[in-house]
Amino acid sequence: MQKVVVIVAHPDDEVLGAGGSTARHVEEGDRVSILVLGEGVASRTGKNPTEVKREQKQLNADARKAHKLLGVHENIFKAFPDNAFDTVPLLSIVHEIESVLRAVKPDVIYTHHGNDTNVDHRIVREATDAAVRPMFGARLFEVRAFEVPSSTEWNFTRDPFWPNVFVALSEKQLKKKIAAMNVYTSEVRTFPHPRSPEYLESLARIRGGQSGFRAAEAFELVYARR
């Protein structure tokens with residue numbers, strides 16, 4: 001049994017980036033924990049504080065339902081400000097990640113690509129890099145960076161996402177990923193938006209075709225301590 005931690009900025013990032021791989025880990029007997037560091041609603045314009053609070057509560061409830069569908073063993077929610085992680089001391093975010101890593105002692109870590117268009121994604125990756133620095137006596141583990149449709153592929157000015165690790169998905173696992181995303185009723189969109197079911201399936205087929213599978217999720221290997 002492996003222990004896996006998925007570290008994300010907002011609810012739904014974990015499904016978009018590694019929902020299929022999470023389902024596969026669970027089916028293979030691994031234990032998956034998900035750390036959601038930030039809110040996902042507060043930056044949206046035209047909403048008063050009462051609306052934001054209500055919608056955030058619903059978003060977290062949707063996350064728990066999605067995680068249950070995938071078989072996640074533990075979900076941890078923090079409340080860093082949505083799309084404003086750059087207003088928070090980086091060390092505060094690093095400490096939250098370190099706390100979870102000390103408790104879980106993971107073998108595999110999934111997190112954001114470092115050049116997403118979303119500032120929170122970039123900071124989570126930077127904080128994760130700091131939290132997993134190779135200290136003497138550190139555990140053996142692997143860090144994989146995922147792509148988040150509607151953020152990673154919209155980066156047109158920074159270094160792009162270049163995957164070199166592909167996780168094959170069964171049809172069942174792909175369906176679970178899409179079903180979990182559909183639970184996020186406020187976040188899923190209609191095609192051709194990248195957060196639509198059709199787009200997610202198409203992306204999985206492309207990543208599968210790149211790697212010799214019928215469907216796959218793709219990752220950049222950030223770090224491996226063997």
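Scroll up for the structure.
We now turn to the structure provided with this report.

1. A word on the nonpolar core
- Formed by 35 residues in total, the largest nonpolar core has its most connected members in Val 6, Val 15, Tyr 110, Phe 146, Tyr 184 and Phe 219.
- Every element with two or more residues in this core is listed here: strand S1 (3-8), helix H1 (13-27), strand S2 (31-38), helix H2 (49-70), strand S4 (108-112), strand S6 (165-168), helix H5 (171-183) and helix H6 (197-211).
- Beyond its immediate sequence surroundings of up to four residues, Val 6 is in contact with Glu 14, Thr 22, Val 32, Ser 33, Ile 34, Leu 35, Tyr 110 and Phe 146.
- Of all hydrophobic cores here, the second largest spans 24 residues; its members include Phe 80, Ile 93, Val 94 and Ile 123.

2. Side note on the side chain of Arg 195
- Secondary-structure assignment places Arg 195 in the loop between H5 and H6.
- Among the polar contacts listed, one links the side chain of Arg 195 to the backbone oxygen of Glu 187, at a separation of 2.9 Å.

3. Examining the pattern of salt bridges
- Tallying each qualifying case throughout the model produces 11 salt bridges.
- Put simply, Lys 78 and Glu 96 hold a salt bridge, and the shortest N to O gap is 3.3 Å. Taken together, the positions of Lys 78 in strand S3 (residues 74-80) and Glu 96 in helix H3 (residues 90-104) put the pair 18 residues apart, joining distant regions of the chain.
- In this structure, the salt-bridge partner of Arg 205 is Glu 171, at a minimum N-O distance of 2.9 Å. Of this pair, Arg 205 sits in helix H6 while Glu 171 is found in helix H5, placing the two residues 34 residues apart along the sequence.
- Sharing partners across several salt bridges, the network here consists of Glu 171, Glu 201, Arg 205 and Arg 214.

4. A closer look at the packing of H5 against H6
- In the contact formed by H5 and H6, the axes pass within 10 Å of each other and the chain directions differ by 150°. Of the possible angle classes, the one that applies to H5 and H6 is roughly antiparallel. Where H5 crosses over H6, the handedness of that crossing is right-handed. Within the contact between the two elements, H5 uses Glu 171, Leu 174, Ile 178, Met 181 and Asn 182 and H6 uses Pro 197, Leu 200, Glu 201, Ala 204 and Arg 205.
- Partitioning the contact of H5 with H6 into residue classes produces 6 nonpolar, 1 polar and 3 charged.

5. What about the pairing of strand S7 (residues 216-225)?
- Bridge analysis of strand S5 (residues 141-146) against S7 gives 6 bridges, and the strand direction is antiparallel. Along S7, the bridge assignment pairs Phe 141 with Arg 225.
- Sheet analysis places S6 next to S7, joined by 4 bridges and oriented antiparallel. Residue pairing for S7: Phe 166 is matched across the bridge by Ala 218.

6. Remarks on the environment of Ala 224
- Position of Ala 224 relative to the elements: it lies in strand S7.
- Separated by 199 residues in the primary sequence, Ala 224 and His 25 have C-alpha atoms spaced 18 Å apart.
- Each residue touching Ala 224, except ones within four places of it in the same chain, is listed here: Phe 141 and Glu 142.

7. Things to note about the environment of Asn 75
- Locating Asn 75 in the fold gives a position in strand S3.
- On the basis of relative accessible area, Asn 75 is assigned to the partly exposed category, the value being 27%.
- Expressed as a C-alpha distance, the spacing of Asn 75 and Gly 209, which sit 134 residues apart in the sequence, is 32 Å.
- In contact with Asn 75, other than residues within four places in its own chain, are Ile 34, Arg 64 and His 67.

About the cut-offs
- Residues numbered from 1 in each chain as written.
- Predicted model: local features only at pLDDT ≥ 70, side-chain atom pairs only at ≥ 80, totals over all residues.
- Heavy atoms only, no water.
- Core = buried A, V, L, I, M, F, W, Y, C linked by side-chain atoms within 4.5 Å.
- Buried < 20%, exposed > 50% of the residue type's maximum accessible area, 1.4 Å probe, protein only.
- Helix = DSSP H or I, 4+ residues; strand = E, 2+ residues; numbered from the N terminus.
- Contact = heavy atoms within 4.5 Å.
- Polar contact = N/O pair within 3.5 Å; in protein donor to acceptor, adjacent residues only side chain to side chain.
- Salt bridge = Lys/Arg side-chain N within 4 Å of Asp/Glu carboxyl O.
- Axes fitted to C-alpha atoms, helices over the stretch in contact; angles between N-to-C directions.
- Parallel < 35°, antiparallel > 145°, perpendicular 65-115°, else oblique.
- Left-handed = near helix turned anticlockwise from the far one by under 90°.
- Nonpolar A, V, L, I, M, F, W, Y, C, P; charged D, E, K, R; others polar.
- Pairing = 2+ DSSP bridges.

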